[in-house]
Structures are given as structure tokens and as C-alpha cells.
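Descriptive structure summary
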Amino acid sequence: MNRSPSFKVKTEQSPNLDPESLQRWIVAFCAIRFDLEQGQLIEVCYPPGCLTQEEELEVAYNSFPDSVSQQHNRSSVHDCIFFFRFPRRLKSQTSNATHSEITEAGKEFPSNSIEKKNVSRRLSSTSDDNVSKYMYGFVFNRQRHDERLKRGGEQKSVVILSHSPYSSVFRPLLQIIGPLYFDMGKKALEHIAAYVSTWPAPVPGKLMDLPIGNATLKVNLPPAHSLPVEGGASVDDSAYSVAPLLPNNQSIPHGLFHDSDLFGTFRSLLLQLWILWELLLIGEPILIIAPTPSQCCEAVASLVSLVSPLLCSVDFRPYFTIHDPLFARLNSIREGEAFPPMVLGVTNLFFLKALRNIPHVVSVGTPPTNSNRVSLSAKSTGRIPGRSEGLGLQQFSLKKFSPSSLLGAVKLRRDGPLCLMTEHKEAIWSTYSAATKPDTSILNRLIDAGVSARVEESMSVVNNEILRRHFLELTTNFLAPFGPYFRTTAPSEGSSPYVDPPPLPPFNSDEFLANLSARGPGKFLLKRMRSNWLDFYTRFLNGPNFMPWFRRRRAVAEQEQNRLWRHARMKADIQQLISKMSELEIVDFFGVIERFLLREVQLQQSGNGGLDSRATCQKLMGDLQAVFNALSKDMQQIMLSNPQRASLLHGSPELKKLPGHPLVQVVSSTSPKQ
């Protein structure tokens, strides 16, 4: 992110804005100024009128670093990029009036604070009926220091709002639009919005070229199976399998936030990645604290990316503040009560006191300069002999081994996360007993980045791919035992495809665990897990990630099975099937084909028929006519006595007006089972 793409705006060549096309990618662009008297002030929201009052409140509050996380250097200009996430409320349930003035945020709510009452009121309804989808805000924040101004400077933020977590798109776009706004003002937002509206529709899981002025963004979008359905993703991702083969092209994303710096963020906690992977899989609440918004949102994004290709259904907030409506509920949780499953990224140390009962706390980010943490430079790597290019395990301990550092580690555990109030340390506090053992062979393959910033960036890319590939393989093998419940069947050779496909195997959690206990999780996991691996599966089944992922996969499997049977009907030789039937069976067969044809017509009329729906209708109409021709003259007359059925047989436009089931049913004791 240090090198911004070059970009020039030529007014006469800027395209016209297409609001509908813009919404496929972006909801709105906002520019927000921090005013000393009035607080956060939304200067521009483009296109206008697309946010509710509550959404403006949330966007404004989340678009600035906490005072405790701001940079303390006195450079003239400091830029940072981060992002946040919040549930979007239905417009019909909120006021459409705009609200662009928000009082300045303090570190704590006073007991009689009006803002605290407002937050509680907004949190009173958190059901799914009140939340339509999540909104993502990608922020370019600029702090300009000037001793001539009050408080010695000013700060503004440019925000891209979207329903989609396309960090690979919006982060580089921020590098263009952020500086451009400070040069051109609102006109920059209008120009960029016009360019974005010319982009093709997003294609999840694909590499896309997105033109923006004289530049082109080459981006990989996350695959459909990692995107929530309410975020615009389609369930029709049948190409996704439970245990996909690992491709040679490692740059292909398999989940959300494939572009996050996993290695750089958790460099001092690499041995703990397997614990964090398990905690996220089973949906345990995790608090991640870092010195800056950029670091904490990078940590949350990296953690979410660990569980791909699983659909992550845990509520994650890359940058969370005390002004979020959810904070009032979390702050009221008493000791002994369970926290909801979520991952919170914070910078305000007040959360260590307010959420002191959260069971898992992770501290990441740049340590103090006087830390005696192990350096990863060539002079102090402590490499394992014979592995000069790798990072030895000695490097992954929190501190250099010595009696004083050992006492420090004991004190760190005893003091708990509150020790961060006095000094920032990178550590994890959790009593969770992990089932998965850290894979030391993976850690030994990681490459020492050296001292050069450019070399370090390149080596981080390599290390990220090594780690992601491992956890992708780990997650894929963990989910593999569920594969039989998504197994599809096609019609056997010689059988009639004109019946409904058999249902997928039923799932029972107790039966699944009993079978898994008997046969084991597979060789790959068995050598990487401890004896409590079955308890890990039990907690996964009871956690928030299992059921949404399982239902999504079942829906995909059912779609695939229906596709296979439709394809078989397209290839079926109707004359050969008829030749083996009695007259009564042919009469029944007519009703069966009629039912499939009417079902296909309904799908086509609703827009859910697919690309081959028209060809399928034509094939079924031909089959229906062939069966009709095989009937006796008397039975044909009975069939034609129904006007709608007669129209159906003759391919009349009245076909579109037909109901979803036959008006005349011929019942026979020899009817095949449907």
C-alpha cells in the first residue's frame, strides 16, 4: 500500500454515472471531517440520499481512529487505510432524514449520557427482521499536523461503502480516490463513481480487469461460497466441492480477504495460528487489540481468511468502537454469561476493562521500540542447521529464552490482558485446549524476510501463500467427513429420468459423530490432532458456522442433482421408453411429463430457469407430444377435451397462462411411484 497507482482525471472523457450499475459494486462514497465543536461531520455523500440517519451515524463514528490509536509522530501528513463492518437496517424501519452532525467521541460513556441512551434504543431490536445485510466501509484517513490550527492539526476520511467485502478492489481504489479527493474535492468522487459504474458485474472467484481512468485494477474476487447469500452472492456455485483439489495456481482466492497479510500480522504468534483457527471454526468470541485501526482490521481479516473454504458465519468487526450499538449489549454481559460468537478488532484499551470477561484476547501489532522480542534479521535468526532459508522454531517464542524472560512470560499470563494498559505486547490469552498440533514442518518452510522493505514485502507474499495453502488443506480435510451428505446421484443407465431425484442422505449429528468416532477423521488429520479431536467436531456442530455452511452445501448439492436429472431428460430417448410401457403406464407417463413441463415453465417465468430452460421446455413439449401420439384415439380425445391441455400440446401462447399443475389427472393402480 505504500505505492499508490498513478491516475489522472480528464473531465471531457469521464463517463456518465449509471446509478444502477454503481450499486453492483458500491453503495456510496462519503467524505467526513472531524470538527472540534460538532464532532464527525459528513461533508459529502455521493450519490446523495442513499444512506439512512442511523447508517450515517455508524459510518461517521467508525471512520476515524480512536484518540489513543493515533500516530504520535509530528510528520506533516499521515495517511492510513482500514475498514469496518456493520449490519445495515431496513430503510422502512428508519428515518430517511440525514444527520451529519455527531458529537465528539470520548473514551467512555458517562452514566447519564444521551448518546448511551440512543445506542441502547438502536440496539433494542437485533433480530434478522431488522437487519437486511452487512455494510462494509473502507476508509482512507488523513491526519494533517499544523501548529497554527486548534489541537495542532485536522483530519478527514474518505469512505467507500459497499455490501461486498471486496478488499482486493476497494483498498487499491482508496489509494486513488483518497489523495484525489484532497486535490479535487467532491468532483473526484463523482468522477470515480462514473468510472466504477462502467465496470462489468462482479464475478466471484474470477480475475477481473477494472478500468479506472488511465489505470486498470487487476483483482481476484473471493469465490461465491465464501460470500453470505444476503450479501448478493448466489447459491448457484455448484462448481464448489467440499474437498477441492488444491490448484497449482496459489493466487486463486479460496475465501474472504485472500489479500491480507497473515504472516506479517501474526509473525510473533505463528505457533498460535492453529489455536486461532480452531477458535474461529467453533465460533468462540475473540477480542483482537492492536495499536492502530490498520493493524487490528488486518488481523481480523487474516483470521477470517484462515478458515477458507468454509463460509464464515461468525459476526466479525474489523474495527469496532464504543459507539457501535452492539457495544451496549456486550458491556452489559455479566460474569458467567456467554458472549455471542464474534471477532472484534479494537484499538481502544477501554475494551480490556469493559469486556474483561471475553474468553479469548489476542494482542498484535508493532511492539514498543524497547522490546527484547527476537529479531528476524540475519544476525539473530537462530536457524535450525541445514535449513538456512527457513525460520527456525526458536524464533517463534515470545521472547528470547532467559530466566528474566521466563519470569516475564509467567507474569504475562498471571496479569492477563490488562497488562496491555501499561505496555503493548504481542500475546494471546486463552484457556482453550486445542485439538490441532502446530505443524512445525510448515513453520520451517517460512522464509526470513531480511531487512530490506521491498524484500520483506516479497517474502511476506511467499510466506502468506505457504500458510494459506496449509490452512486451506487443513480446513478442507476437516470438512471432508461431511462429503457423503452432499453426494449426488444420476439416473442409472436404462432407467427413466422422468421421476424426481432421490433425496440426499439425511443428517443426524449423533449418528455422524458415532460413525466418525469409529472410522476416525482420516490420515491427514489423525497425525495432526490430539486425542480430543472428536470434541472439536462436536463443538463445531454446535457452533454458528456449521449449519449455514451445511445448508448452503446441501442447496448446492440439490441444485447439482437436479441439473444432472434435467440433463438426463434432455438426452433420454422417449420412443425407447414408451416402447416398454402398457397403455395405462403411457397415460400415467403423460401426466408425469406434463408435470415436469409445467414446473419448467414456472421456473422460466420467474427468471430462475437457467440458460437451458428454453431448450428444456422444447424437449419436454416434444416428449409430451410423442407420448400423446402413442395413446389410443379415445384417450387422445379425452386429453384434448381440456382446452389448456390442448393449448399445451399445440404449443399455444396460452401456455404462459397455465397453472402449476395439470387440471386433469389420470389415476391408475399401476402408476409408478413419484
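Cut-offs and rules
- Residues numbered from 1 in each chain as written.
- Predicted model: local features only at pLDDT ≥ 70, side-chain atom pairs only at ≥ 80, totals over all residues.
- Heavy atoms only, no water.
- Helix = DSSP H or I, 4+ residues; strand = E, 2+ residues; numbered from the N terminus.
- Buried < 20%, exposed > 50% of the residue type's maximum accessible area, 1.4 Å probe, protein only.
- Contact = heavy atoms within 4.5 Å.
- Salt bridge = Lys/Arg side-chain N within 4 Å of Asp/Glu carboxyl O.
- Pairing = 2+ DSSP bridges.
- Axes fitted to C-alpha atoms, helices over the stretch in contact; angles between N-to-C directions.
- Phe/Tyr/Trp six-rings, centres within 6.5 Å; stacked < 30°, edge-to-face > 60°.
- Parallel < 35°, antiparallel > 145°, perpendicular 65-115°, else oblique.
- Left-handed = near helix turned anticlockwise from the far one by under 90°.
- Disulfide = S-S within 2.5 Å.
- Arc of directions from axis to C-beta.
- Expected span 1.5 Å × (residues − 1).

Considering the overall build of the chain
- In terms of regular secondary structure, the chain is built from 22 helices and 12 strands.
- Taking all 674 residues of the chain together, 50% fall into the buried category.
- For the chain, the share of sequence-separated contacts (at least 6 apart) that also reach a separation of at least 24 residues comes to 77%.

Description of the pattern of salt bridges
- Overall, the coordinates contain 18 salt bridges when judged by the stated rule.
- Between aspartate 259 and arginine 171 there is a salt bridge, and its shortest N-O distance comes to 3.9 Å. One end of the pair, aspartate 259, is in the loop between strand E7 (215-220) and helix H6 (262-265); the other, arginine 171, is in helix H4 (residues 167-184), with 88 residues separating them in the sequence.
- Take aspartate 259: its relative accessible area is 34%, and that puts it in the partly exposed class.
- On the accessibility criterion, arginine 171 (7% relative accessible area) is buried.
- For arginine 528, the salt bridge is made with aspartate 439, and the minimal N-O distance between the two is 3.3 Å. In this pair, arginine 528 sits in the loop between helix H15 (523-526) and helix H16 (533-542) while aspartate 439 sits in the loop between strand E12 (427-429) and helix H12 (440-445), placing the two residues 89 residues apart along the sequence. For the pair arginine 528 and aspartate 439, a shared accessibility class is recorded, and that class is buried.
- It is possible to trace a salt-bridge network through shared partners that takes in Arg85, Asp315, Arg317 and Asp324.

Structural notes on the pairing of strand E6 (residues 207-212)
- Alternating residues of E6 divide into Met208, Leu210 and Ile212, all buried, and Leu207, Asp209 and Pro211, none buried.
- As paired strands, E6 and E7 are joined by six bridges and run antiparallel to one another. Bridging from a neighbouring strand, leucine 210 pairs with leucine 217 of E7.
- Counted between consecutive antiparallel strands, the loop separating E6 from E7 contains two residues, among which glycine 213 sits at a positive phi close to 65 degrees.

Description of the sheet that holds E12
- Within the open sheet, the five strands sit side by side as E9-E10-E8-E11-E12. Their pairing is mixed. In the strand order of this sheet, the two ends are held by strand E9 (315-317) and E12, each with one partner. For this sheet, the mean inter-axis angle between neighbouring strands, taken without regard to orientation, is 10 degrees.
- In terms of strand pairing, E9 meets strand E10 (residues 342-346) through three bridges, oriented parallel. Along E10, the bridge assignment pairs phenylalanine 316 with valine 343.

Observations concerning the packing of aromatic side chains
- With the rule as written, the count across this model stands at 43 aromatic pairs.
- Ring centres of phenylalanine 482 and phenylalanine 546 lie 5.4 Å apart, and the angle between their planes is 40 degrees; this geometry places the pair in the tilted category. One end of the pair, phenylalanine 482, is in the loop between helix H13 (453-479) and helix H14 (509-519); the other, phenylalanine 546, is in helix H17 (residues 546-571), and 64 residues separate them in sequence.
- Phenylalanine 482 gets classed as buried once you look at its relative accessible area, which sits at 0%.

Let's talk about the packing of H17 against helix H20 (residues 613-630)
- Between H17 and H20, the least distance of the axes is 9 Å, while the angle of their chain directions is 50 degrees. Regarding the angle of H17 to H20, the classification is oblique. The handedness of the crossing between H17 and H20 comes out as left-handed. On H20, the residues that touch Arg566, Arg569 and Met570 of H17 are Ser613, Ala615, Thr616, Lys619 and Asp623.

Quick look at the state of the cysteines
- Scanning the entire structure with this criterion turns up zero disulfides.
- Here cysteine 45 stays free of any disulfide, with the sulfur of cysteine 30 as its closest cysteine sulfur at 3.8 Å.

Side note on helix H21 (residues 633-640)
- Turning to H21, its buried residues number three or more, namely Met635, Gln636 and Met639. Buried residues of H21, seen end-on, are gathered within an arc of 105 degrees and therefore sit on one face of the element. Exposed residues lying more than 90 degrees from the buried face of H21 are Lys633, Asp634 and Gln637.
- Lining the buried residues of H21 we find helix H19 (583-606), H20 and helix H22 (643-649).

Some remarks on H20
- Taking 1.5 Å of rise per residue, the 18 residues of H20 would be expected to cover 26 Å, and the 26 Å separating its terminal C-alpha atoms lies within 8% of that figure.
- For H20, the complete set of buried residues consists of Ser613, Thr616, Cys617, Lys619, Leu620, Asp623, Leu624, Ala626, Val627 and Phe628.
- Each element contacted by the buried residues of H20 is listed here: H17, helix H18 (574-578), H19, H21 and H22.

A short note on unusual backbone geometry
- Across the junction of tyrosine 46 and proline 47, the peptide omega takes the value -5 degrees, indicating a cis bond.
- Tracing the backbone shows proline 47 in the loop between strand E2 (39-46) and helix H2 (53-62).
- The linkage connecting serine 308 with the following residue, proline 309, adopts the cis geometry, with an omega of 15 degrees.
- Relative to the helices and strands, proline 309 is located in the loop between helix H8 (293-305) and E9.
- Positive phi values are uncommon outside glycine, yet phenylalanine 257 reaches one of about 55 degrees.

Thoughts on the environment of lysine 206
- If you trace the backbone, lysine 206 turns up in the loop between helix H5 (186-196) and E6.
- Along the primary structure lysine 206 and proline 223 are separated by 17 residues, whereas in three dimensions their C-alpha atoms are 7.5 Å apart.
- When near neighbours in sequence (up to four residues on either side) are disregarded, lysine 206 contacts Val219, Asn220 and Leu221.

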